[in-house]
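Per-entry structural report
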Amino acid sequence: MRRADALAALNRALLHAYSRATTAHLAATLPLRLVQPWLDRFLALNVAKEVRKDSLAIHRAAAALAAGGPPSAPAAVSELLAAGRAVDRAFLREIASLPVDILIRYEEIEAVRRQRIDRQLRAAHRILDAWRDAPDARAALRQAYPGDQLANLLHELMRLYAMETQALSRSLRLPLLLQPLREPLVAALAGSMNAAATAVTRRAVAAVRRRAGRASRSGG
């Protein structure tokens, strides 16, 4: 499972970069002095939650590959959904110290979650399969998703992540003093996550291609 651990670490780095880019874009968009301290903490806990869920999906895909099974199956998606609810409960305990409350409406987010889990399972299976013949993770990424396919994959995964995060943000219950900021904050979060996804995807793909260029020059 070392390759699955390495792929989960790359995913963690990507999501943390996405969260930082989102926070920076938000700070440039809204006057956030009243909410910046707890908003930064909320987004950090939220991305940690998603990293844990993604790691479960990556390791499930690795197990399926080792067993010769399909990259995704309804039972696997349902089990990961259930495991995700346990991660959500831990997240809700962690944000209890913040001046916000969330009622997670699963009926609003489950369809997006199912789509994201299925996409993650298929992508992780495809990358880990390519890694059998590739020297490292970046080479496996290039082999599994050549050309523009990697950018499309990363942007799609972040788009689905953003859709779920935005659904959660609509469920935020703020203190009375901060309630006028709720709608502007939700709207700004959507725009910031979209802008961050584009920027982070561009940097990530450039890093993968840059490594390929260096290897080609050293080999020549």
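One structure accompanies this document, and this report is about it. (Residues numbered from 1 in each chain as written. Predicted model: local features only at pLDDT ≥ 70, side-chain atom pairs only at ≥ 80, totals over all residues. Heavy atoms only, no water.)

Looking at the pattern of salt bridges
Counted by the stated rule, this structure contains 16 salt bridges. For the salt bridge of Asp-88 with Lys-53, the shortest nitrogen-to-oxygen distance reads 2.9 Å. With Asp-88 in helix H3 (residues 74–94) and Lys-53 in helix H2 (residues 36–67), this pair connects stretches of sequence that are 35 residues apart. A relative accessible area of 1% means that Asp-88 is categorised as buried. Given a relative accessible area of 12%, Lys-53 falls into the buried group. Where Glu-110 meets Arg-85, a salt bridge forms, and the shortest distance between an N and an O atom there is 3.4 Å. Taken together, the positions of Glu-110 in helix H4 (residues 106–131) and Arg-85 in helix H3 put the pair 25 residues apart, joining distant regions of the chain. Overlapping salt bridges, with partners in common, bring together Lys-49, Glu-50, Lys-53, Asp-54, Asp-88, Arg-113, Arg-116 and Glu-164 in one network. (Salt bridge = Lys/Arg side-chain N within 4 Å of Asp/Glu carboxyl O. Helix = DSSP H or I, 4+ residues; strand = E, 2+ residues; numbered from the N terminus. Buried < 20%, exposed > 50% of the residue type's maximum accessible area, 1.4 Å probe, protein only.)

Side note on the side chain of Glu-50
Topologically, Glu-50 is positioned in helix H2. A distance of 2.6 Å separates the side chain of Glu-50 from the side chain of Lys-49, its partner in a polar contact. Within polar-contact distance, the side chain of Glu-50 engages the side chain of Arg-116 at 2.6 Å. Once residues within four sequence positions are removed from consideration, Glu-50 is found in contact with Leu-15, Arg-116, Tyr-161 and Glu-164. (Polar contact = N/O pair within 3.5 Å; in protein donor to acceptor, adjacent residues only side chain to side chain. Contact = heavy atoms within 4.5 Å.)

Points about H3
In this model, H3 (21 residues) spans 30 Å end to end at C-alpha, consistent with the 30 Å of a helix rising 1.5 Å per residue. Of the positions making up H3, those classed as buried are Ala-76, Val-77, Leu-80, Leu-81, Gly-84, Val-87, Asp-88 and Phe-91. With its buried residues spanning 130 degrees around the axis, H3 presents them on a single face. The secondary structure elements touched by the buried residues of H3 are H2, strand E1 (101–102) and H4. (Expected span 1.5 Å × (residues − 1). Arc of directions from axis to C-beta.)

A look at the environment of Ile-95
With respect to the secondary-structure elements, Ile-95 resides in the loop between H3 and E1. The spacing of Ile-95 and Phe-42 is 53 residues in sequence and 6.9 Å in space, taken between C-alpha atoms. Not counting chain neighbours up to four residues away, the residues in contact with Ile-95 comprise Phe-42, Leu-45, Val-100 and Ile-102.

Re the packing of aromatic side chains
In this structure the tally under the stated criterion is two aromatic pairs. Here Tyr-18 and Tyr-161 contribute two aromatic rings whose centre-to-centre distance is 5.5 Å and whose plane-to-plane angle is 70 degrees, an arrangement assigned as edge-to-face. In this pair, Tyr-18 is assigned in helix H1 (residues 2–29) and Tyr-161 in helix H6 (residues 149–169), connecting sequence segments 143 residues apart. Given the relative accessible area of 4%, Tyr-161 is considered buried. (Phe/Tyr/Trp six-rings, centres within 6.5 Å; stacked < 30°, edge-to-face > 60°.)

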